[in-house]
Amino acid sequence: MSSHALLVLFGSQTGSAQDTAERIGRQAQRRHMRVRLEALDSYNVANLISESLVVFVCATTGQGDPPDNMKKFWRFLFRKSLPADSLCRLDCAVLGLGDSSYPKFNFVAKKLHKRLLLLGANMLLPVGLADDQHDLGPDGVIDPWLISFWQKTLSLYPPPAGLAPLREEEKLPPRYVFHFLDEVTDKQTEHLQTPPTPLQPFPARVVFNQRVTHPSHFQDVRHIELDITGSNIQYSAGDVVMMRPCNAAEDVEQFCQLLKLDPERYFTLTPTDSIPARLPQPCSVRFLVEQFLDISAVPRRSFFEVLATFASNELERDKLLEFSSAQGQDALHSYCNRPRRTALEVLADFPHTTVELSIDYLLDLFPEIQPRSFSIASSLLQHPNRIQILVAVVKYKSMLFKPRKGLCSSWLASLDPSTGNVYVPLWVKKGSLSFPQDPDTPVIMVGPGTGVAPFRSAIQERAAQGKMANVLFFGCRSESKDFYCRSEWEEKVQAGQMILVTAFSRDQVRHFNMIHLQEEKIYVQHRVKEQSKLLWDLIAKKNAFFYIAGSAKQMPASVCDALKEVFQKEGGMSENQAQEMLDAMEKAKRFQSETWS
């Protein structure tokens with residue numbers, strides 16, 4: 001083993017950056033280099049001045065924000081009091097994971113790279129900007145970046161003489177060793193406790209779980225209410241509720257059958273570093289598989305890298321090595337990503353390898369189930385001790401026989417309070433939307449579909465505070481099928497607490513043009529243009545705030561274009577001036593958006 005040590009620090013929101021960091025860690029081990037992996041906020045950042053070699057792997061979230069497990073590090077690193085040569089002994093590199101369909105593409109990685117340079121660090125190579133939109137996905141950038149990184153690193157930190165790197169198909173030692181117990185006396189450790197944090201969420205009882213779309217509508221959307229009495233949870237409009245879903249009972253059963261595991265057996269772990277904080281000790285196989293291992297996600301390339309090391313069947317080994325190679329990414333995409341094949345289904349497809357899989361490697365093979373976030377759709381001022389959410393249940397067909405299902409939305413939809421008490425372990429965090437305190441400042445909200453959730457919270461809160469200048473643009477397919485919260489909006493309009501503008505995209509009358517029959521679909525952006533006089537008056541004369549929430553596909557950009565057209569038409573502006581006005585609003589937090597893919 002080399003005397004040199006590599007530190008890999010990651011900031012990860014959905015698990016992708018952590019997965020990439022773990023991949024770099026395995027590559028270091030294969031090159032006989034000592035390696036440590038840590039989330040940025042778990043690392044004592046004051047020690048950075050004494051490190052010699054560090055790779056930072058970081059995602060960008062929301063509107064150019066650092067991930068949750070990087071925020072403390074971020075604040076420390078941008079202190080003005082840090083001397084300019086603080087990191088002059090540090091060799092490092094930054095790899096960013098982002099999506100170029102968002103305006104602040106890889107903003108965190110770019111900013112971190114610049115800040116490290118300002119603090120005197122020696123950057124081994126240019127910042128890597130991996131992109132979900134790349135033809136080969138993020139690996140289209142990560143693969144060549146890592147080749148350059150290792151060439152540079154091994155020239156500065158050569159491995160011990162005569163030691164060749166381990167081949168990809170050779171097993172690395174597992175991070176954990178399982179010790180099964182014959183009997184367990186203390187089984188109470190798995191119960192969820194308060195106060196609500198990611199490690200100790202609050203078990204909120206499901207009060208109701210109602211479908212709010214018409215039975216004939218293709219999309220099942222749920223309005224769910226959760227009881228948070230005794231949790232000490234406080235929230236305001238724009239905040240989000242976080243929860244970790246459970247795997248479906250039939251998936252847990254199939255997984256245990258494939259790996260010949262008894263779900264009722266208990267085990268303890270011997271770690272090479274530290275035990276995952278969410279796993280109780282002792283822990284049951286059922287808890288591990290149901291609540292921790294992400295067995296129903298589409299597996300990443302790293303899954304195939306680890307699985308290939310167990311394959312003795314030649315056909316299966318060749319296929320697994322192809323899927324884990326740079327050249328095999330098109331084939332992997334066709335096999336896994338396009339049909340949304342799950343990790344559990346992959347295990348079933350490779351039966352010879354699955355049988356040989358050692359349980360010690362389960363935590364190397366499967367990532368932890370990541371928390372999901374939902375915009376809170378209620379206000380404590382109208383619904384004390386309650387959190388309400390709107391959930392679109394994800395279910396669709398792919399080329400595979402079994403329909404694809406979203407893990408969290410399907411789990412939530414299955415929770416039926418009429419069968420007895422059912423609970424959702426949750427915690428709350430600040431969202432990216434914030435609303436003005438001044439009671440006279442108008443608020444304009446564009447929230448089609450479930451994007452209306454944070455605005456329902458805002459309207460309830462503002463109405464209870466006597467803030468009546470609320471304008472909501474709501475869009476859906478059909479007035480009779482997916483018009484969420486209709487009676488509530490009508491009551492609030494009657495009470496003078498809001499103005500409602502609707503767009504029902506599939507309710508238009510077919511009209512005949514010279515070529516063929518077609519439907520004229522009306523979306524929220526069309527209504528924004530129609531309401532140009534009202535919007536200009538509110539924005540230009542009354543300093544209104546403007547918000548967008550919903551799907552990140554075409555809608556946000558279309559609404560922005562419509563708003564700029566309003567500025568041009570009513571304000572007599574050029575295209576550039578309209579863009580400058582929108583930019584100025586965004587800088588002043590008078591224009592905010594929260595979108596998701």
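Quick caveat: nothing in here was measured; it's all calculated off a predicted structure. (Residues numbered from 1 in each chain as written. Predicted model: local features only at pLDDT ≥ 70, side-chain atom pairs only at ≥ 80, totals over all residues. Heavy atoms only, no water.)

Asks: Give me the overall build of the chain: which residues, what numbers.
Replies: Helix and strand content of the chain: 19 helices and 24 strands. In terms of C-alpha radius of gyration, the chain reaches 26 Å, essentially the compact-globule figure of 25 Å for 597 residues. For the chain, the C-alpha atoms occupy an extent of roughly 80 × 60 × 60 Å along the three principal directions. Among the 597 residues that make up the chain, the fraction classed as buried is 51%. In the chain, of all internal contacts separated by at least 6 residues, the share reaching a separation of at least 24 is 75%. For the chain, the separation between the mean place of its 67 positive charges and that of its 68 negative charges on side chains is 4 Å. (Helix = DSSP H or I, 4+ residues; strand = E, 2+ residues; numbered from the N terminus. Rg over C-alpha atoms; globule rule 2.2 N^0.38 Å. Buried < 20%, exposed > 50% of the residue type's maximum accessible area, 1.4 Å probe, protein only. Contact = heavy atoms within 4.5 Å. Lys, Arg positive; Asp, Glu negative; His and termini not counted. Charge placed at Lys NZ, Arg CZ, Asp CG, Glu CD.)

Asks: Any chance you could break down the environment of Leu412 for me, citing the residues and the numbers?
Replies: For Leu412, the location among the structural elements is in helix α13 (residues 407-414). Spatially, the C-alpha atom of Leu412 lies 8.5 Å from that of Asn209, the residues being 203 residues apart in sequence.

Asks: Got a sec to walk through the UniProt feature "binding site: NADP(+)" (unreviewed entry) in the chain? Specific residues and values, please.
Replies: Under the present numbering, the feature "binding site: NADP(+)" (unreviewed entry) in UniProt falls on Thr450, Ser505, Arg506, Lys521, Ile522, Tyr523, Val524 and Gln525. Among the structural elements, Arg506 can be located in the loop between β20 (499-504) and β21 (511-512). Topologically, Val524 is positioned in helix α16 (residues 524-530). (UniProt positions renumbered as here; feature names shortened; annotations may be inferred.)

Asks: Explain the nonpolar core to me, using residue names and the numbers behind them.
Replies: Among the nonpolar cores identified, the biggest contains 42 residues, and Phe255, Leu288, Leu362 and Phe366 are the most heavily contacted of them. Once residues lying within four places of it in the same chain are set aside, the contact partners of Phe366 are Phe255, Leu293, Asp294, Ile295, Phe303, Ala343 and Leu347. If you look at the next biggest cluster of nonpolar residues, it comprises 28 residues, including Val501, Ala503, Ile548 and Met581. (Core = buried A, V, L, I, M, F, W, Y, C linked by side-chain atoms within 4.5 Å.)

Asks: Break down the sheet that holds β20 for me, citing the residues and quoting the values.
Replies: Spatial strand order, β20-β19-β18-β23-β24: five strands in an open sheet with parallel pairing. Looking along the sheet, the strands with just one partner apiece sit at the ends: β20 and β24 (591-596). Recorded for the sheet is a direction-independent mean angle of 10° between the axes of neighbouring strands. In the sheet, strand β19 (residues 470-476) pairs with β20 via six bridges, with the strands oriented parallel. Across the sheet, residue Leu472 finds its bridge partner in β20, namely Leu500. Along the sheet, helix α18 (residues 555-571) makes contact with β18 (443-446), β23 (545-551) and β24, crossing β23 at roughly 155°. (Pairing = 2+ DSSP bridges. Axes fitted to C-alpha atoms, helices over the stretch in contact; angles between N-to-C directions.)

Asks: For the pattern of salt bridges, give the residues involved together with the corresponding values.
Replies: This model, assessed by the stated rule, comprises 36 salt bridges. Where Asp349 meets Arg341, a salt bridge forms, and the shortest distance between an N and an O atom there is 3.2 Å. Arg341 sits in the buried class, given a relative accessible area of 14%. Residue Lys492 is joined to Glu488 by a salt bridge in which the shortest nitrogen-to-oxygen separation is 3.8 Å. In this pair, Lys492 and Glu488 are both assigned in helix α15 (residues 486-494), four residues apart and thus about one turn of the helix distant. For the pair shown, Lys492 and Glu488 are each scored as buried. Connected through salt bridges with shared partners, the residues Arg23, Arg26, Asp139, Asp143, Arg301 and Glu305 form a single ionic network. (Salt bridge = Lys/Arg side-chain N within 4 Å of Asp/Glu carboxyl O.)

Asks: Tell me what's going on with the environment of Ala326, and back it up with residues and numbers.
Replies: One can find Ala326 in the loop between α8 (314-323) and α9 (329-337). Residues Ala326 and Ser398 lie 72 residues apart in sequence; the distance between their C-alpha atoms is 25 Å. Ignoring any residue separated from it by four or fewer positions in sequence, one finds Ala326 in contact with Asp143 and Arg301.

Asks: Hey, could you go over the pairing of strand β9 (residues 221-227) for me, with residue numbers and the actual values?
Replies: With seven of its seven residues buried, β9 lies for the most part within the structure. Side chains Val221, His223, Glu225 and Asp227 of β9 all project onto a buried face; the interleaved residues Arg222, Ile224 and Leu226 project onto the opposite face, where all are buried too. Relative to β9, strand β8 (residues 202-211) runs antiparallel, the two sharing six bridges. Bridging across to β9, Gln210 finds its partner in His223. By the bridge criterion, seven bridges tie β9 to strand β14 (residues 386-392) in an arrangement that is antiparallel. Across the sheet, the residue bridging to Ile224 is Ile389, located in β14.

Asks: Describe the confidence of the model for the chain, naming the residues involved and giving the relevant values.
Replies: Mean pLDDT over the chain: 91, with 95% of residues reaching 70 or higher. Put simply, β21 is where the chain has its lowest mean pLDDT, 46, and β18 is where it has its highest, 98. Segment residues 510-514 is flagged for pLDDT under 50; beyond a separation of four residues in sequence, or across chains, it makes nine contacts in the model. (pLDDT = per-residue confidence, 0-100.)

Asks: Residues and numbers for the sheet that holds strand β12 (residues 283-284), please.
Replies: Read from one edge to the other, the open sheet built from three strands follows the order β7-β11-β12, with strand pairing classed as antiparallel. Pairing within the sheet leaves two strands with one partner each, and these edge strands are β7 (176-181) and β12. Both strand β11 (residues 266-271) and β12 contribute to a ladder of two bridges, which runs antiparallel. Residue pairing across strands places Phe267 opposite Cys283, the latter belonging to β12.

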